[in-house]
Amino acid sequence: MNTPRVVKNLRPGFLVLLALSGCVLSGCAAGDGTQAAEAAEAFHRDMAGSNMTAACSLLQSETRKETARSSDAGTCESQLEKAKIPDPGKLLSTEQYGRDAFVEFEHDTVFLAQSEGGWRVTGAGCTPNGEEAPYTCEVGGK
């Protein structure tokens, strides 16, 4: 069963992450997010091209495992096939804070984390809800 995930307080969470990592005290700046945006765009291209294996490879490892567990067939690919991830539309903005980023499109918001293998998707198919639970995500989002 495809159940959207609710993501709470993600933007404020980035500020907390910055403070905890020492970036605020040491004066490090947010990155430009180019590589994160490229990873989000690649994920959407793979989804649009029905290349679910490639799309799954762009998920962060825990997100990939969670996606597979939520599938009736037990695979990430089968769950992504059922996910209601919209065509993203035009890229609007990217915000990167240390090893976390979010990429905002016209019709989707994608959350990412940086790993040894590059930027990986932690939440996709995310739509804003409001302050109490800012985003609900089709994939990941925890």
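Every value quoted in this text rests on a predicted model; they were computed, and no experiment measured them.

Caption draft 1: Looking closely at the confidence of the model for the chain. On average, residues of the chain score 81 in pLDDT, and 76% of them reach the 70 mark or higher. The weakest mean pLDDT in the chain belongs to helix H2 (residues 23-26) at 35; the strongest belongs to helix H4 (residues 52-57) at 97. Within the model, pLDDT remains below 50 along residues 1-30, and this stretch shows 57 contacts once partners closer than five positions in the same chain are excluded.

Caption draft 2: Seen up close, the side chain of threonine 122. Tracing the chain through its elements places threonine 122 in strand S5 (residues 118-128). Sequence-distant contacts of threonine 122, defined by excluding residues within four places in its chain, comprise Gln60, Thr63, Phe111, Leu112, Ala113, Val139, Gly140 and Gly141.

Caption draft 3: How the structure looks around the nonpolar core. Residues Phe43, Leu80 and Leu112 are the most contacted members of the largest nonpolar core, which totals 26 residues. Sorting the residues of this core by element identifies helix H3 (34-48), H4, helix H6 (76-82), strand S3 (100-105), strand S4 (109-115) and S5 as the ones contributing at least two each. Counting residues per element, this core draws most heavily on H3, which supplies 7 residues. Membership of the second largest hydrophobic core comes to 5 residues, among which are Phe111, Cys126, Tyr135 and Cys137.

Caption draft 4: Just H3, in detail. A rise of 1.5 Å per residue sets the reference length of H3, with its 15 residues, at 21 Å; its end C-alpha atoms lie 21 Å apart and thus fit the reference within 8%. Inspection of H3 places Ala36, Ala37, Ala39, Ala40, Ala42, Phe43, His44, Asp46 and Met47 among the buried residues, and these make up the whole buried set. Against the buried residues of H3 lie H4, H6, strand S2 (91-97), S3, S4 and S5. At the C-terminal side of H3, serine 50 shows a positive phi close to 55°.

Caption draft 5: Quick look at the pattern of salt bridges. Under the counting rule described, the total for this entry stands at 2 salt bridges. Among the salt bridges present, the one from lysine 65 reaches glutamate 62, with a minimum N-O distance of 3.5 Å. Here lysine 65 and its partner glutamate 62 are both found in helix H5 (residues 61-69), 3 residues apart, which amounts to about one turn of the helix. Of the residues examined, glutamate 62 reaches a relative accessible area of 43% and is grouped as partly exposed. Here lysine 82 ties to aspartate 72 by a salt bridge, and the two come within 3.5 Å at their closest N and O atoms. Taken together, the positions of lysine 82 in helix H6 and aspartate 72 in the loop between H5 and H6 put the pair 10 residues apart, joining distant regions of the chain. Lysine 82 gets classed as partly exposed once you look at its relative accessible area, which sits at 36%.

Caption draft 6: Inspection of the pairing of S2 at higher detail. As paired elements, S2 and S3 share 6 bridges and run antiparallel to each other. Paired with glutamate 95 across the two strands is phenylalanine 102, which belongs to S3. Linking S2 back to S3 in an antiparallel pair, the connection comprises 2 residues, with glycine 98 at a positive phi of about 65°.

Caption draft 7: Representation of the state of the cysteines within the structure. Inspection of every chain in the model, using the stated rule, returns 2 disulfides. At a sulfur-sulfur separation of 2.0 Å, the disulfide partner of cysteine 56 is cysteine 76. In this structure, the disulfide formed by cysteine 56 and cysteine 76 twists by about -105° around the S-S bond and is classed as left-handed. Pair noted here: cysteine 56 is in helix H4 and cysteine 76 is in helix H6, with a separation of 20 residues, a long-range link. On the basis of relative accessible area, cysteine 56 is assigned to the buried category, the value being 2%. For cysteine 76, a relative accessible area of 4% translates into the label buried. Note that cysteine 126 is cross-linked by a disulfide to cysteine 137, the S-S spacing being 2.0 Å. Between cysteine 126 and cysteine 137, the S-S dihedral sits near 110°, and the bridge is therefore right-handed. One end of the pair, cysteine 126, is in strand S5; the other, cysteine 137, is in strand S6 (residues 135-140), with 11 residues separating them in the sequence. Among the residues examined, cysteine 126 registers a relative accessible area of 1% and is labelled buried.

Scoring rules and cut-offs
- Residues numbered from 1 in each chain as written.
- Predicted model: local features only at pLDDT ≥ 70, side-chain atom pairs only at ≥ 80, totals over all residues.
- Heavy atoms only, no water.
- pLDDT = per-residue confidence, 0-100.
- Helix = DSSP H or I, 4+ residues; strand = E, 2+ residues; numbered from the N terminus.
- Contact = heavy atoms within 4.5 Å.
- Core = buried A, V, L, I, M, F, W, Y, C linked by side-chain atoms within 4.5 Å.
- Buried < 20%, exposed > 50% of the residue type's maximum accessible area, 1.4 Å probe, protein only.
- Expected span 1.5 Å × (residues − 1).
- Salt bridge = Lys/Arg side-chain N within 4 Å of Asp/Glu carboxyl O.
- Pairing = 2+ DSSP bridges.
- Disulfide = S-S within 2.5 Å.

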